[in-house]
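Below are the chains, spelled out letter by letter.
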Amino acid sequence: MAWLKTRMRAAQGSGNASQRAGERDAVSASRRVVLRRAFTAAFPYTVPIMAGFVFLGMACGIYAHSLGLPAWVPTLMSVLIFAGSSEFVVASMLTGAFNPLQVFITAFIVNARHLFYGISMLERFRHVGKKRPYLVFGMCDETFSINYATPVPKGVDRG
Amino acid sequence: MTVLQQVATILAAAAATVLTRALPFAVFSSDKKTPRVVRYLGAALPPAVFGLLVVYCLRNVDVMGGSHGVPEFAAILGTAALHLWKRNMPVSIFGGTALYLVLLYALGLA
C-alpha cells in the first residue's frame with residue numbers, strides 16, 4: 001500500500017511538472033479550454049454522487065416540510081452545513097426547545113468522521129492554493145471518496 | 001423557536017461541522033512536517049473507513065430470520081463481480097443497486 005502511495009505521489013508530481021511546461025507551451029490555450037478539460041474529466045466521476053445528492057436533498061426537503069419547517073430552513077442548512085446526516089438531525093432539533101450548545105455538540109459528534117477524512121487529505125490538499133478553504137469546507141462523505149480515489153488526469157489540476 | 005433562534009441553531013450546527021472538517025488542517029499546518037503517525041493514519045484510515053461503511057450498511061440485516069440476508073450478500077457479490085469485470089464505478093453502483101432492488105421485488109420484500 002505504501003509503495004503505491006509513493007508511486008502515485010511521484011506520478012502526480014511529474015504530472016504537475018509537465019502540466020506547468022504544457023501551460024508555458026500553449027499560452028494561447030484559453031482558460032475556457034482548461035475549464036472544459038477539467039469538466040469533462042471530472043463529470044463522469046460525479047454522476048453517481050449527483051444521483052445520491054438529488055434524492056437525499058429531496059428527502060431532506062420533504063422531511064423538513066413534514067416537520068412544519070419553512071423552505072428556507074433546509075436551503076440554509078444545505079448551504080451552511082453541507083453534511084447530509086446532521087441536516088436531518090438538526091431539522092428534528094429545530095422543532096424542539098432552543099439549545100444551540102446541544103446542537104453544536106450533536107453536530108460535532110455526528111460529523112466527527114470528517115476528522116479522519118481531513119487527516120487522510122492533509123497531504124493532498126497541501127499545494128492547492130486558494131482552492132484549499134473550499135475543498136476543506138466541501139469535504140463530505142461523497143467528495144472525500146471521489147477526491148481520495150480518483151486519479152487526477154494530466155493537464156487538470158487537483159480541486 | 002423564533003426565526004432568529006432557528007438561524008442561530010443552524011449556525012451552531014454549521015460551526016461544529018466546519019470544525020470537524022478544518023481541525024486536522026489547522027492542527028497540522030503546512031509549515032510544519034506532519035508527524036509520521038498522523039501520515040500513517042492518513043494512509044491507513046480510508047480503507048478502514050470503507051470497510052466500516054460496509055459493516056454500517058449491513059447493521060440491520062437479520063441473518064437468523066427474514067430473508068437471512070440473502071439479497072444483501074447476493075447484491076454485494078454481484079456488485080463486486082461487476083466491478084472486477086468492468087472496473088467502472090457508475091456501472092458498479094447502478095448495476096449493484098438494480099440487482100438488489102430486483103432481488104427484493106423477486107422475493108416480495110419491497
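Residues numbered from 1 in each chain as written. Chains lettered and ligands numbered in written order. Predicted model: local features only at pLDDT ≥ 70, side-chain atom pairs only at ≥ 80, totals over all residues. Heavy atoms only, no water.

(A) Focus on the overall build of chain B. Within chain B, the secondary structure is distributed over four helices and zero strands. The order of α-helices and β-strands along chain B, N terminus first, is α-α-α-α. Buried residues in chain B amount to 25% of all 110 residues. By sequence separation, contacts in chain B at least 24 residues apart represent 33% of the contacts at least 6 residues apart. (Helix = DSSP H or I, 4+ residues; strand = E, 2+ residues; numbered from the N terminus. Buried < 20%, exposed > 50% of the residue type's maximum accessible area, 1.4 Å probe, protein only. Contact = heavy atoms within 4.5 Å.)

(B) Inspection of the side chain of S86(A) at higher detail. Within the element layout of this structure, S86(A) appears in helix 4 (residues 84-93). By relative accessible area, S86(A) is classed as buried at 1%. If near-sequence neighbours (up to four positions away) are discounted, S86(A) is found in contact with I81(A), V110(A), N111(A) and T17(B).

(C) The packing of helix 4 of chain A against helix 5 (residues 100-110) of chain A, seen in detail. All names here are of chain A. Interaxial distance between helix 4 and helix 5 falls to 9 Å at its minimum, and their mutual angle equals 160°. What the angle tells us is that helix 4 and helix 5 run roughly antiparallel. You can see that helix 4 and helix 5 cross each other, and the crossing is right-handed. Across from S85, S86, V89, V90 and M93 in helix 4, the residues of helix 5 making contact are Q102, V103, T106 and V110. When the residues that make up the contact of helix 4 with helix 5 are grouped by side-chain class, the tally is five nonpolar, four polar and no charged. (Axes fitted to C-alpha atoms, helices over the stretch in contact; angles between N-to-C directions. Parallel < 35°, antiparallel > 145°, perpendicular 65-115°, else oblique. Left-handed = near helix turned anticlockwise from the far one by under 90°. Nonpolar A, V, L, I, M, F, W, Y, C, P; charged D, E, K, R; others polar.)

Just distances and angles here, no functional claims.
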